[in-house]
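Fold and contact review
Here's the letter readout for the chains.
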Amino acid sequence: KQEVTQIPAALSVPEGENLVLNCSFTDSAIYNLQWFRQDPGKGLTSLLLIQSSQREQTSGRLNASLDKSSGRSTLYIAASQPGDSATYLCAVNQGAQKLVFGQGTRLTINP
Amino acid sequence: DTAVSQTPKYLVTQMGNDKSIKCEQNLGHDTMYWYKQDSKKFLKIMFSYNNKELIINETVPNRFSPKSPDKAHLNLHINSLELGDSAVYFCASSQDLGRTQYFGPGTRLLVL
């Protein structure tokens, strides 16, 4: 059974810092991996999707990496801003049928 | 235009009642999903439909019955509501299985 873990559960950093969020999964037989952000009381917004054959994806200040063999993904956020404050969720796509989510990292960027 | 919409946004009801949550997507996607986010914010898939056919049913009690009248809609009907059903229910859609999923704003269900 696939299990997805995100560490740390919460992170607080000063504005302007670069930071890394971690995601690990137990079964490397994945179809792809997706990073989302969730703002309080809101739905999820897709940030990046990495196919199992890819090593990384970039969108603006965000860079996601995938090491399938070791069961790890990281989300790198450059030059963090207060607007980046949210909960970041990692989700692994199993067999192109369902997403298995981690419990998220609650990120706070302090002005 | 809202890509994935859900109604109602909030739902407060008594134990034992039957309620429905509606979901619509205007993205032209073939696949739709229902997820449940519990009080600990843990998201778990409940159902997925591809071209109106049930693909995934994740050991959800049979009090929960999804219905897809067409590719743009996936509704969730819940019979005999229980306290433990209180959660946020999210609808999502994707172009097909395995593609980026787009989520609705969620329906906050509280069972008293």
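Read on for an overview of the structure. Since this is a predicted model, take the numbers as computed values, not measurements. (Residues numbered from 1 in each chain as written. Chains lettered and ligands numbered in written order. Predicted model: local features only at pLDDT ≥ 70, side-chain atom pairs only at ≥ 80, totals over all residues. Heavy atoms only, no water.)

A look at the overall build of chain A
Threshold: By the criteria applied, helices consist of DSSP H or I runs no shorter than four residues and strands consist of E runs no shorter than two, each listed in order from the N terminus. Taken over C-alpha atoms, the radius of gyration is set against a globule rule of 2.2 Å times the number of residues to the power 0.38. Only protein chains enter the area calculation, which uses a 1.4 Å probe; residues under 20% of their type maximum are buried, those over 50% are exposed, and those in between are partly exposed. Contacts are residue-level and defined by heavy atoms, with any inter-residue pair within 4.5 Å sufficient. Method for areas: the Shrake-Rupley scheme with a 1.4 Å probe, in which residue coverage is limited to the protein chains shown. In this tally, Lys and Arg are treated as positive and Asp and Glu as negative; His is ignored, and so are the chain termini. To locate a charge, take NZ of a lysine, CZ of an arginine, CG of an aspartate or CD of a glutamate.
Along its length, chain A carries zero helices and 11 strands. When the helices and strands of chain A are read in sequence order from the N terminus, they spell out β-β-β-β-β-β-β-β-β-β-β. What you see for chain A is a C-alpha radius of gyration of 13 Å, in line with the 13 Å of a compact globule of 111 residues. Considering only C-alpha atoms, chain A reaches an extent of 40 × 25 × 20 Å along its principal axes. When each of the 111 residues of chain A is scored for burial, the buried share is 45%. Of the contacts formed within chain A by residues at least 6 apart in sequence, a portion of 54% connects residues at least 24 apart. Surface exposure of chain A reaches about 5100 Å², of which carbon and sulfur atoms provide 46%. Charged side chains in chain A number 9 positive and 8 negative. The centres of these two groups are separated by 6 Å.

Points about the overall build of chain B
Secondary structure summary: chain B contains zero helices and 11 strands in total. Order of helices (α) and strands (β) in chain B, N terminus to C terminus: β-β-β-β-β-β-β-β-β-β-β. Its C-alpha atoms give chain B a radius of gyration of 13 Å, near enough to 13 Å, the size a compact globule of 112 residues would have. Principal-axis analysis of the C-alpha atoms places the extent of chain B at approximately 35 × 30 × 25 Å.

Description of the pairing of strand β7 (residues 62–67) of chain A
Residue and element names in this part refer to chain A. For clarity, the cut-off: Here a strand pair is declared whenever DSSP counts at least two bridges between the two strands.
Inspection of the sheet shows strand β6 (residues 56–59) paired to β7 by four bridges, in the antiparallel sense. Looking at the pairing, Glu-56 lines up with Ser-65 of β7. Hairpin connection of β6 to β7: two residues between the antiparallel strands, including Gly-60 at a positive phi of 60°. As paired strands, β7 and strand β8 (residues 72–77) are joined by six bridges and run antiparallel to one another. Across the sheet, residue Ala-64 finds its bridge partner in β8, namely Leu-75. As consecutive antiparallel partners, β7 and β8 are separated by four residues, and within that stretch Gly-71 has a phi angle of approximately 70°, a positive value.

Points about the packing of aromatic side chains
The condition that has to hold: Stacked, tilted and edge-to-face pairs are distinguished by plane angle, under 30 degrees for stacked and over 60 for edge-to-face with tilted covering the rest, among Phe, Tyr and Trp rings (Trp via its six-membered ring) whose centres lie within 6.5 Å.
Overall, the coordinates contain eight aromatic pairs over all chains when judged by the stated rule. Both rings, one in B:Phe64 and one in B:Tyr89, keep their centres 6.3 Å apart while their planes meet at 35°; by these two values the pair is tilted. Taken together, the residues span a long stretch of sequence, with B:Phe64 in strand β7 (residues 64–70) and B:Tyr89 in strand β9 (residues 87–94) at a distance of 25 residues. According to the relative accessible area criterion, B:Phe64 is buried, its value standing at 6%. An aromatic cluster is built from A:Phe36, A:Phe101, B:Tyr33, B:Tyr35, B:Phe90 and B:Phe103, whose rings are joined through pairwise contacts.

Remarks on the pattern of salt bridges
Heads up, the condition is: Any Lys or Arg side-chain nitrogen located within 4 Å of an Asp or Glu carboxyl oxygen qualifies as a salt bridge.
In this structure the tally under the stated criterion is five salt bridges over all chains. Connected through shared salt-bridge partners, B:Arg63, B:Glu82 and B:Asp85 make up one network.

Some points on the interface of chain A and chain B
We count it as follows: Take the accessible area each of two parts loses on contact, using a 1.4 Å probe, and add the two losses: that sum is the buried area. As used in this structure description, the phrase polar contact means that two N or O atoms lie within 3.5 Å; if the pair is within protein, one of them must be able to donate a hydrogen and the other to accept it, and residues adjacent in sequence are counted only when both atoms belong to side chains.
Counting residues at the interface gives 20 residues for chain A and 21 residues for chain B. Buried surface at the junction of chain A and chain B, both sides included, amounts to about 1600 Å², of which 54% is carbon and sulfur. On the surface where chain A and chain B come into contact, there are zero salt bridges. Inspection of the region where chain A meets chain B yields two residue pairs in polar contact (both at pLDDT 80 or more). At the level of secondary structure, the elements contributing two or more residues to the side of chain A that touches chain B comprise β4 (32–38), β5 (44–51), β9 (86–94) and β10 (98–101) of chain A. Looking at the side of chain A that touches chain B, the element that brings in the most residues is β4(A), giving four residues.

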